[in-house]
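Okay, here's what each chain looks like letter by letter:
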Amino acid sequence: MKIELKAIIGLLIFSSVVILGSIEKAYGQSSTNYRVVKYVIASGGSTPQSTQYLVREVIGQPLNVGVSQSSQHTSSSGFLAQGRTVPLATTLLVPEMYATITEAMVAADSGYIISVAAGTYREFFKMKKGVILLSRSGPMETIISRNGVRDLILTAQDAVIKGFTIADNDNGVSQPGNGIFSDGDNALICYCILRNNSVGIYLHNGSQATLYNNTIAHNRTGIYMQINPAPKIYNNIISHNSESGMYRNTAHSLGNPMIQYNDYYGNTADFGFYGTAWTPQPGTGDLYLDPLLVGGSPVDYHLTPNSPCIDAGDPLSLLDPDGTRADIGALFYDQATGIELTPNAELPGEFYLYPAYPNPFNPATTVRFSVPEPAHLTLTVYDLLGQRVSQLAKGYFQPGLYQFQFDATGLASGIYFYQLQMGSYRAVRKMVLLE
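These numbers come from a predicted model, not from an experiment.

Looking at this structure, how should I read the overall build of the protein?
Each helix and strand in the protein was counted, giving two helices and 35 strands. Here the protein holds 435 residues, and 50% of them are scored as buried. Long-range contacts, defined as pairs at least 24 residues apart, comprise 50% of the intrachain contacts of the protein with a sequence gap of at least 6. Within the structure as shown, the protein displays about 19,500 Å² of accessible surface, and the carbon and sulfur contribution to it stands at 52%.

Before we go on, may I ask you to explain the nonpolar core in this structure?
The tendency in soluble globular proteins is for nonpolar side chains to be buried as a group. Grouped together as the largest cluster of nonpolar side chains are 47 residues, with contacts concentrated most on M127, I161 and M246. Those elements giving two or more residues to this core turn out to be strand 5 (91-94), helix 2 (101-107), strand 6 (113-116), strand 11 (151-154), strand 17 (199-204) and strand 20 (221-226). A total of four residues in this core trace back to one element, the largest contributor, which is helix 2. If sequence neighbours within four positions are ignored, M246 has contacts with I223, M225, I233, I238, I259, Y264, D270, F271, G272 and W278. In this structure, V367, L377, L379 and A427 belong to the second largest nonpolar core, which totals 23 residues.

Before we go on, may I ask you to explain the pairing of strand 9 (residues 132-135) in this structure?
Regular strands show a simple pattern: their side chains alternate between the two faces of the sheet. Judged by which residues are buried, strand 9 turns out to be covered on both faces: I132 and L134 on one side and L133 and S135 on the other are all buried. In this structure, strand 9 lies alongside strand 12 (residues 160-162), joined through three bridges in parallel fashion. In the sheet register, L133 faces strand 12, and the bridge partner there is I161.

Explanation requested: the sheet that holds strand 29 (residues 352-353) in the structure shown.
Across a sheet, paired strands are connected by hydrogen bonds in the backbone, their directions being either parallel or antiparallel. If you walk across this open sheet you meet the three strands as 29-30-33, and the pairing is antiparallel. Each edge of the open sheet is held by one strand with a lone partner, namely strand 29 and strand 33 (400-407). Of the strand pairs in this sheet, strand 29 and strand 30 (residues 364-371) are connected by two bridges, and their pairing is antiparallel. Looking at the pairing, Y352 lines up with S370 of strand 30.

Whenever I open this one, the pattern of salt bridges confuses me. Can you help?
Under the definition given, this model contains six salt bridges. For R195, the salt bridge goes to D168, with nearest N and O atoms at 3.3 Å. With R195 in strand 16 (residues 193-195) and D168 in the loop between strand 13 (165-167) and strand 14 (178-183), this residue pair connects regions lying 27 residues apart in the sequence. Owing to a relative accessible area of 18%, R195 belongs among the buried residues under this scheme. A relative accessible area of 27% places D168 in the partly exposed class.

I tried to follow the pairing of strand 20 on my own but got confused; where do I start?
The buried fraction of strand 20 amounts to six of the six residues, a majority that puts the element mostly inside the structure. Summarising the sheet, strand 17 and strand 20 pair through five bridges and their orientation is parallel. Considered in strand 20, the bridge of I201 is made with I223. Across four bridges, the pairing between strand 20 and strand 23 (residues 244-249) is parallel. Following the sheet pairing, Y224 is matched in strand 23 by Y247.

Help me understand the sheet that holds strand 26 (residues 271-274) in this model?
With respect to topology, seven strands assemble into an open sheet ordered 8-11-14-17-20-23-26, the strand pairing being parallel. Edge positions in the sheet fall to strand 8 (125-126) and strand 26, since each of these pairs with one other strand and no more. In terms of strand pairing, strand 14 meets strand 17 through five bridges, oriented parallel. From the neighbouring strand, S182 faces strand 17, where its bridge partner is L203.

Got a minute to help me understand the packing of aromatic side chains in this structure?
Geometrically, a pair of aromatic rings is defined through the distance of the ring centres and the angle of the planes. This structure, assessed with the given rule, holds 14 aromatic pairs. Judged by centre distance (4.7 Å) and plane angle (80°), the ring pair of Y352 and Y354 falls under edge-to-face. Between the aromatic rings of F361 and F406, the centroid separation amounts to 6.0 Å while the plane-to-plane angle is 65°, which identifies the pairing as edge-to-face. Taken as a pair, F361 in the loop between strand 29 and strand 30 and F406 in strand 33 lie far apart in primary sequence, 45 residues in all.

When you look at the environment of T102 in this model, what are you seeing that I'm missing?
With respect to the helices, strands and loops of the structure, T102 is situated in helix 2. As a C-alpha pair, T102 and F125 span 23 residues in sequence and 5.8 Å in three-dimensional space. Once you skip the residues sitting within four places of it in the chain, T102 turns out to touch E123, F124 and F125. At 2.5 Å, the side chain of T102 forms a polar contact with the side chain of E123.

Procedures and definitions
- Residues numbered from 1 in each chain as written.
- Predicted model: local features only at pLDDT ≥ 70, side-chain atom pairs only at ≥ 80, totals over all residues.
- Heavy atoms only, no water.
- Helix = DSSP H or I, 4+ residues; strand = E, 2+ residues; numbered from the N terminus.
- Buried < 20%, exposed > 50% of the residue type's maximum accessible area, 1.4 Å probe, protein only.
- Contact = heavy atoms within 4.5 Å.
- Areas by Shrake-Rupley, 256 points an atom, 1.4 Å probe, with all protein chains shown as cover.
- Core = buried A, V, L, I, M, F, W, Y, C linked by side-chain atoms within 4.5 Å.
- Pairing = 2+ DSSP bridges.
- Salt bridge = Lys/Arg side-chain N within 4 Å of Asp/Glu carboxyl O.
- Phe/Tyr/Trp six-rings, centres within 6.5 Å; stacked < 30°, edge-to-face > 60°.
- Polar contact = N/O pair within 3.5 Å; in protein donor to acceptor, adjacent residues only side chain to side chain.

These results come straight from atomic positions and should not be treated as a statement about function.
Given below as structure tokens:
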């Protein structure tokens, strides 16, 4: 079964609500095989809102949900009482209906959604064909973590994994310890954080997995490819992996992958290999810049306001929830609510890099910055490959507001980044040169 992206989006929206109360008594009768039940839900506010979903009831026998007909399959919500009623879209709730993801996966069948509440789940499991595994709260709050196993998640054909942190399966040097293992299937993995594993995502045996908008960081190897994989890999941050950002066994052909609009930074080697040296063809829109994550301990993988990953994803991707172009990485920067502090231009109170104006531009634009105290600084322009194209300023500056013009005459149209560096302070912004 091919899962169309638009259908997936609809299912993701369906599963994004937070279940607050029990399922109330069924009411109404739409046919002999369907009835309507009312969920009490809310979207973050204190006042419950009601909505309705069709559910299937096979008269006279329970649905096949992985329990015997004699089981009193009752949960705290009262859902699946006597094993007879499941939603038409067939959403299984963890932990409301099943204590673990593994138990829900056993009960699931193709087309089912497993919707997981925030929490840390110390388990490993194999996906089923066509099952959609969703986090209700996003990857920073929903964590699948365990050590000492080969794979935390083994994928399957037409499976979807969205919105989890998959972490801590690092079993030592030269030992298997994969966050996700795709073995010849076409699984879709998106909006996930892969961290502290031996390998974040292992693509094997002709895998045609699609990996987009993930943050794959602080593993030994971010992505490992072997035996003819042909994945689609885009809009991912691949950073700070201690051995390789992306690794390939070159004894096998690579298939026909699409690898573009990714940010590689801080890996010991961006592209590692076994056998013949290998570097992929430069992908459209690839970055080699610090993604400027919030950081800290434990690491917060949100983007900061000056991150070069903001609005730098594939322009053909779905827009971010704030209506702007897709960001790179698992967690988008909300430009509708994001706050940037602007200093007093007359008496600068902080180091600050202003947006270029005009932007987009052709052929010249002006870049301004403020300096609150004497400092040595550099203001540098880079292209998408991280190569320096111009140094606008370098030297010792007294407190004040400064501006420099960037003349892009003779440069190719496209995206450029300008970086202000003053000691430990660094800010990066994006500008677009029009044809």
